[in-house]
Amino acid sequence: MRRDRRAFVRRGALLGGSLALLRAGTAGASALSDAKAVAPANTALETIHQLRTTHGNFADKQVPEDVLQQILQASVRAANASNMQSYSIVVVRDPALMKQVCTYAGPRMLLYCVDHNRLKATAEHLKLPYAPGNAEDFVTSCVNTALAAQTAVVASRALGVDSLVTNGIHRGDMERVWRLLELPETLCFPLIAVVLGYATEEAPQRKGRLSGAGVVHDGKYHRLTKDELDGLVRQYDDPAAHLGLNDSWRSEGRQHYLEWLFGSWLSRSAKPTTTETQMLRLLKRSGFIEPNA
Ligand SMILES: Cc1cc2nc3c(=O)[nH]c(=O)nc-3n(C[C@H](O)[C@H](O)[C@H](O)COP(=O)(O)O)c2cc1C
């Protein structure tokens, strides 16, 4: 029993390391020892610190319906502006359809859409005025929708269900998502998908996170110094920090992980464009972005 407690404190100290960094502001041994004071001491924090993404490898094992319903009931508990829940969640059970929609497949997928159609229909039903459809409505509703999605992810973890959050819905021909799931063209915008299931294998290592300078600003915004920037580069390069998506930059002979991230990974799609992107076109079509934007 005592050994179990010690093991928990040790594990908690590691898990809580990032929290300590929030307070210390810099990485270092003192931050880690400080962690003991803020180690996750309850199941909610333990669940949050166990979160990790399953990158596509889901077992052929169903998520029981009652578990799915618990996840959905938890998801809608997220905070949301004016308690209007300006989102819709489309539950997809067909893996083939799921793959077409978000490029991944698993036992279940929840598609989270910014959506004002239910609210509008309710207002019209009572002949009340309601005219959403500007950038402010969109930003607020994105927050509502993302919080609901993340709450589903946390609830899933608590129930032993693995998840993959993906914006695969925004890759390729985005209009397919509307077509395949018969989404309304206006006031409805697919924001993020969450695939649920059971991972075939545990990821060898939980991904790390930055949590110090540049992430948390104490009191007012702090612009990074050269030393702090060097520190960030070092953290990304440190294999023990597990911040990188992969290690290929080493075998490719690059000096730093960030050379791979900015030089290869992000440059795949982030090309400056002079023509209207499909994202902007569809945001305009949805009515959330002013047409002359
Ligand atoms: C907006 C968003 C989009 C993402 N899209 C993908 C994706 O398409 N494919 C994927 O494998 N992971 C995706 N992820 C998961 C991230 O890669 C993952 O959260 C990150 O690498 C940190 O790993 P962890 O969640 O295991 O800690 C996405 C996460 C977010 C928040």
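No experiment lies behind these values; they were computed from the predicted model shown. (Residues numbered from 1 in each chain as written. Predicted model: local features only at pLDDT ≥ 70, side-chain atom pairs only at ≥ 80, totals over all residues.)

J.: Could you give an account of the overall build of the protein chain, with specific residues and numbers?
T.: Helix and strand counts for the protein chain stand at 13 helices and four strands. The burial tally for the protein chain puts 26% of its 293 residues in the buried class. A separation of at least 24 residues holds for 73% of the contacts in the protein chain among residues at least 6 apart in sequence. (Helix = DSSP H or I, 4+ residues; strand = E, 2+ residues; numbered from the N terminus. Buried ≥ 20, exposed ≤ 12 C-beta atoms within 10 Å, placed from the backbone. Contact = placed C-beta atoms within 7 Å.)

J.: Let's hear about the site of the ligand: which residues, and what values?
T.: Lining the immediate environment of the ligand, one finds R52, T53, H55, L164, V165, T166, N167, G168, I192 and K207. Considering every element that reaches the shell around the ligand, the biggest residue donor is strand β3 (residues 162-166), with three residues. In terms of residue class, the shell around the ligand is built from three nonpolar, five polar and two charged. (Near = placed C-beta within 6 Å. Nonpolar A, V, L, I, M, F, W, Y, C, P; charged D, E, K, R; others polar.)

J.: Could you give an account of the nonpolar core, with specific residues and numbers?
T.: M109, L111, Y112, C113, A193, V194 and V195 are the most contacted members of the largest nonpolar core, which totals 38 residues. Only α5 (65-75), β1 (87-92), α6 (95-102), β2 (108-115), α8 (135-158) and β4 (188-197) provide two or more residues apiece to this core. Residue contributions to this core peak at eight residues, all from β4. Beyond its immediate stretch of four places on either side in the chain, V195 contacts F58, M98, C102, Y104, G106, M109, S163, L164 and T166. (Core = buried A, V, L, I, M, F, W, Y, C linked by C-beta atoms within 7 Å.)

J.: Could you give an account of unusual backbone geometry, with specific residues and numbers?
T.: Most peptide bonds are trans, and most residues other than glycine sit at a negative phi. In this model, T103 sits at a positive phi of 75 degrees, which is unusual for a non-glycine residue. Positionally, T103 belongs in the loop between α6 and β2. We classify T103 as partly exposed; it has 15 C-beta atoms within 10 Å. Phi angles above zero are rare outside glycine, and L187 is one such case at about 55 degrees.

J.: Go over the pairing of β3, please, and point to the residues and values.
T.: For β3, the buried fraction is high: four of the five residues fall into the buried class. Sheet topology places β3 next to β4; five bridges connect them, and they run antiparallel. Note that in β4 the partner of D162 across the bridge is G197. (Pairing = 2+ DSSP bridges.)

J.: An account of the sheet that holds β3 is requested, with residue identities and associated values reported.
T.: Reading across from one edge, β1-β2-β4-β3 is the order of the four strands in this open sheet, with antiparallel pairing throughout. The two strands at the open ends of the sheet, each matched to only one other strand, are β1 and β3. Put simply, the sheet's adjacent strands are angled 25 degrees from each other on average, direction ignored. Seen against the sheet, α6 touches β1, β2, β3 and β4 and runs at an angle of roughly 130 degrees to β4. (Axes fitted to C-alpha atoms, helices over the stretch in contact; angles between N-to-C directions.)

J.: For the packing of α5 against α8, give the residues involved together with the corresponding values.
T.: For the pair α5 and α8, the least separation of the axes is 8 Å and the interaxial angle reads 140 degrees. Classified by the angle between their axes, α5 and α8 sit oblique to one another. For the crossing formed where α5 meets α8, the hand is right-handed. Contact with α5, carried on its side by Q70, I71, A74 and S75, involves A148, T151, A152, A155 and S156 of α8 and no other residues of that element. (Parallel < 35°, antiparallel > 145°, perpendicular 65-115°, else oblique. Left-handed = near helix turned anticlockwise from the far one by under 90°.)

J.: An account of the environment of Q85 is requested, with residue identities and associated values reported.
T.: Looking at the secondary structure, you find Q85 in the loop between α5 and β1. Between the alpha carbons of Q85 and H116 there is a distance of 8.8 Å; along the sequence they are 31 residues apart. In contact with Q85, not counting residues within four places along its chain, are V76, N80 and N144.

J.: So what's going on with the environment of G56? Residues and values would help.
T.: Inspection of the secondary structure puts G56 in the loop between α4 (43-49) and α5. Accessibility expressed as a C-beta count within 10 Å gives 15 for G56, which makes it partly exposed. Aside from chain neighbours lying at most four places away, what touches G56 is Y104 and L164.

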